[in-house]
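# Commentary on secondary and tertiary structure
The residues making up each chain are set out below.
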Amino acid sequence: RPNTAYVPQRFERLEVKAGRTLDVVLEEGIVLSGRVTDADGNPVGQAYVHAGDQDKSDGDEGFANTERDGTYRMPLSAGVYDVTAEPPDGSGLLRATASAVQLTAPRTLNFQLTKGLILSGRVTGPDGQGLFDARINVFKPQTGEWYGTQTRRDGTYLLALPPGAYGLRAEP
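Heads up: these notes are all about the structure in this document.

What counts, and at which threshold
Residues numbered from 1 in each chain as written. Predicted model: local features only at pLDDT ≥ 70, side-chain atom pairs only at ≥ 80, totals over all residues. Heavy atoms only, no water. Helix = DSSP H or I, 4+ residues; strand = E, 2+ residues; numbered from the N terminus. Buried < 20%, exposed > 50% of the residue type's maximum accessible area, 1.4 Å probe, protein only. Contact = heavy atoms within 4.5 Å. Areas by Shrake-Rupley, 256 points an atom, 1.4 Å probe, with all protein chains shown as cover. Lys, Arg positive; Asp, Glu negative; His and termini not counted. Charge placed at Lys NZ, Arg CZ, Asp CG, Glu CD. Phe/Tyr/Trp six-rings, centres within 6.5 Å; stacked < 30°, edge-to-face > 60°. Lys NZ or Arg CZ within 6 Å of the ring centre and 35° of its normal. Salt bridge = Lys/Arg side-chain N within 4 Å of Asp/Glu carboxyl O. Core = buried A, V, L, I, M, F, W, Y, C linked by side-chain atoms within 4.5 Å. Pairing = 2+ DSSP bridges. Axes fitted to C-alpha atoms, helices over the stretch in contact; angles between N-to-C directions.

### Considering the overall build of the protein
The secondary structure content of the protein amounts to 0 helices and 13 strands. In sequence order, the protein lays out its α and β elements as β-β-β-β-β-β-β-β-β-β-β-β-β. The 172 residues of the protein split such that 34% are buried. A separation of at least 24 residues holds for 53% of the contacts in the protein among residues at least 6 apart in sequence. Accessible area for the protein stands at about 10800 Å²; split by element, carbon and sulfur atoms hold 48% of it. One way to put it: in the protein the 18 positive side-chain charges average out to a point 3 Å from where the 22 negative ones average out.

Structure representation (structure tokens):
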């Protein structure tokens, strides 16, 4: 949804009958924009920035991928959001979250991502062949934090984590 100022319209219960038409009017949103950089101030392109409305439990309300220069832009409805910048897989950077971001007017929200400790390995089948696209989920029970990635074609993965003790689950 780049270059748009409209917010999604959701219909929770839509009954479809013969001859039914549905015209949808999208409302203009309030633009949240900013830049994602690493600790040295370098832009982080292809980061995934998403906003979850604290008053709703049905997932993200807005999302955007950063451009090569680290900038992002997403239209949202007025509300209070938890906004997270997820680094691209394999970058070695940790995600960052801004909690309780109140949005009533256009706003700039920048993120600086720091380096994490690297957990890497390989997921294979019994024959020793690397499994492509396997999911690695890591969970920190003390805080409820989770991290995840997928394996490359040769079954290898790389995941940046803060120091600590974790549980890990590998899924095909």
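Right, picking up where we left off after that structure.
### Describing the packing of aromatic side chains
Across all of its chains, the model carries 2 aromatic pairs by this definition. Each ring, one from Tyr 48 and one from Phe 63, has its centre 6.2 Å from the other, and the planes form 35 degrees; the classification is tilted. On the criterion of sequence distance, the pair formed by Tyr 48 in strand 2 (residues 48-53) and Phe 63 in strand 3 (residues 60-65) is long-range, its members being 15 residues apart. Stacked on the ring of Trp 146, the Lys or Arg Arg 95 has its end atom at 5.1 Å from the ring centre. Residue placement shows Arg 153 over the ring face of Phe 132; its charged tip is 4.5 Å from the ring centre.

### Side note on the pattern of salt bridges
Between side chains of opposite charge, a pair can form when the charged atoms approach closely. Inspection of the entire model under this criterion finds 3 salt bridges. For Glu 15, the salt bridge is made with Lys 17, and the minimal N-O distance between the two is 3.7 Å. A single burial state applies to Glu 15 and to Lys 17, both of which are exposed. In this structure, Arg 169 engages Glu 171 in a salt bridge whose closest nitrogen and oxygen atoms are separated by 2.8 Å.

### Describing the nonpolar core
Of all hydrophobic cores here, the largest spans 22 residues; its most connected members are Val 36, Tyr 72, Val 83 and Phe 111. Where this core is concerned, the elements lending two or more residues are strand 1 (30-38), strand 2, strand 4 (71-76), strand 5 (79-86), strand 6 (96-103) and strand 8 (111-113). If you tally residues by element for this core, the top one is strand 6, at 4 residues. Residues within four places of Val 83 in sequence aside, it is in contact with Leu 32, Val 49, His 50, Ala 51, Ala 96, Thr 97, Ala 98, Val 101, Leu 109 and Phe 111. Val 123, Ala 134, Leu 159 and Leu 161 belong to the second-largest nonpolar core, a separate cluster that totals 8 residues.

### Details of the sheet that holds strand 10 (residues 135-140)
Strands sit in the order 11-10-13 across an open sheet of 3 strands; the sheet is antiparallel. At either end of the open sheet lies a strand with only one pairing partner, and these are strand 11 (145-150) and strand 13 (167-171). Sheet twist, expressed as the average angle between the axes of neighbouring strands with direction ignored, equals 15 degrees. Relative to strand 11, strand 10 runs antiparallel, the two sharing 6 bridges. Residue pairing for strand 11: Asn 137 is matched across the bridge by Gly 148.

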